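This is what each chain is made of:
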Amino acid sequence: MSSALTDLFPHPIVQAPMAGGVSVPHLAAAVCEAGGLGFLAAGYKTADGMYQEIKQLRSLTSRPFGVNLFMPQPEYGDRGAVEIYAHQLAGEAAWYETELGDPDSGRDDAYDSKLAVLLDNPVPVVSFHFGVPSREILDSLRRAGTFTLVTATTPEEALAVERGGADAVIAQGVEAGGHQGTHRDNPETDGTGIGLLSLIAQIRETVSIPIVAAGGIMRGGQIAAALAAGASAAQLGTAFLATPESGANAVHKQALTNPLFVRTELTRAFSGRPARGLVNRFLREHGPYAPAAYPEVHHLTSPLRKKAAASGDAQGMALWAGQGHRMARELPAGQLVEVLAAELDLAKTALSGKGDLR
């Protein structure tokens, strides 16, 4: 298996790109400096906003890092469903004293402009979510010296990633926090996601490109299990969300271990696409009725989520989190990488029969 990816960073630990202001340059830099692979999330940013964060990150570290892009989404046909959902959310808008957002605020997330920046100013790694870029784009990035990854949630999607020309695949298990990176948003498959270890094994038998494991990983022992199953590295999001360097709202960080939030659930309530978050009032009340309309619903609820966050109301926020959220540790990001690496070494020793985990 190619080591082109893991040769970029000493520890097989990748900090997941978390959009919405979480994966800020200081977080990515701290992870990179500690020997992991830090990521910036370009989702929901302008092309210039992404470029400015890349410049800032480069001023903080000389180590390799990554940037994540969202793929443009196909047109959504059922405008009536979005209008009905907007009517349902009218009470929320009144409660938070704000207007609902414009569902037609844009579908492509400035994809072409961001690609132009990344081709003019190449970065070491670029990953893609919500689909597979064209071979032309992946080849162009490769010629620029960029290693490419694409998320897959099934073996079939992983095969499409390999055939599309990506250098590696991110195997995202159903345990993962935030948005599932499915290539097509099919409501009929809601609730049918594959657990991470099973997904790694199935993808390993389907493709020959390297695998980065993602989904619910919070400890070094879990990283060891993913590597033993066939992954080359592990990507952790929720584990880094609680760090001081994370740009997540303080209420969001506290909610990860708050006993009021006992479980997570996949929901369309906040964005119109399946995403895993802590179960709160907004998710319970609106999740069953949210249409499969991304990014229309994302734009629609954006002002509500911002007002809830500004007022410290966890019950109205999108509290994205993986299934292992209660294992979150409030450590500095660099120290967390070191602790995970030590746990990984201990687990490897135990698996080799030279020690135990007690």
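In short, a report on the structure. (Residues numbered from 1 in each chain as written. Predicted model: local features only at pLDDT ≥ 70, side-chain atom pairs only at ≥ 80, totals over all residues. Heavy atoms only, no water.)

## Points about the layout of surface pockets
Within this model, the second largest pocket holds a volume of roughly 570 Å³. Forming the walls of the second largest pocket are 27 residues, and the residues nearest its centre are Thr153, Glu157, Thr182, Arg184 and Thr189. Elements represented by at least two residues in the lining of the second largest pocket include exactly helix 7 (155-164) and strand 10 (264-267). In terms of residues, the lining of the second largest pocket owes the most to one element, helix 7, which gives three residues. Residues belonging to the lining of the second largest pocket are distributed by class as follows: six nonpolar, 15 polar and six charged. (1 Å grid on protein atoms, 1.4 Å probe; cavity = no way out; pocket = protein on both sides within 12 Å on 5 of 7 lines; lining within 4 Å. Points joined across faces, edges and corners; volume = space filled by probe spheres on them. Helix = DSSP H or I, 4+ residues; strand = E, 2+ residues; numbered from the N terminus. Nonpolar A, V, L, I, M, F, W, Y, C, P; charged D, E, K, R; others polar.)

## A closer look at the packing of aromatic side chains
Applying the stated criterion across every chain yields a total of six aromatic pairs. Taken together, a centroid distance of 5.3 Å and an interplanar angle of 75° make the contact between Tyr44 and Phe70 edge-to-face. Taken together, the residues Tyr44 in the loop between strand 2 (38-41) and helix 2 (47-60) and Phe70 in strand 3 (residues 65-70) connect sequence positions 26 residues apart. Ring geometry for Phe270 versus Trp320: centroids 5.6 Å apart, planes at 85°, classification edge-to-face. With a gap of 50 residues between them, Phe270 in the loop between strand 10 and strand 11 (275-278) and Trp320 in the loop between helix 13 (296-310) and helix 14 (333-351) connect regions that are remote in the sequence. As far as burial versus exposure is concerned, Phe270 and Trp320 are alike and both buried. Here a set of aromatic residues connected by ring pairs shows up, and it is made of Tyr44, Phe70, Phe130 and Tyr294. (Phe/Tyr/Trp six-rings, centres within 6.5 Å; stacked < 30°, edge-to-face > 60°. Buried < 20%, exposed > 50% of the residue type's maximum accessible area, 1.4 Å probe, protein only.)

## Digging into the sheet that holds strand 11
Strand order in the open sheet made by the three strands is 7-11-10, with antiparallel pairing throughout. The outermost strands of the open sheet, each flanked by one partner alone, are strand 7 (178-179) and strand 10. Looking at chain direction, strand 7 and strand 11 are connected through two bridges and run antiparallel. Within strand 11, the residue paired with His179 across the bridge is Ala275. (Pairing = 2+ DSSP bridges.)

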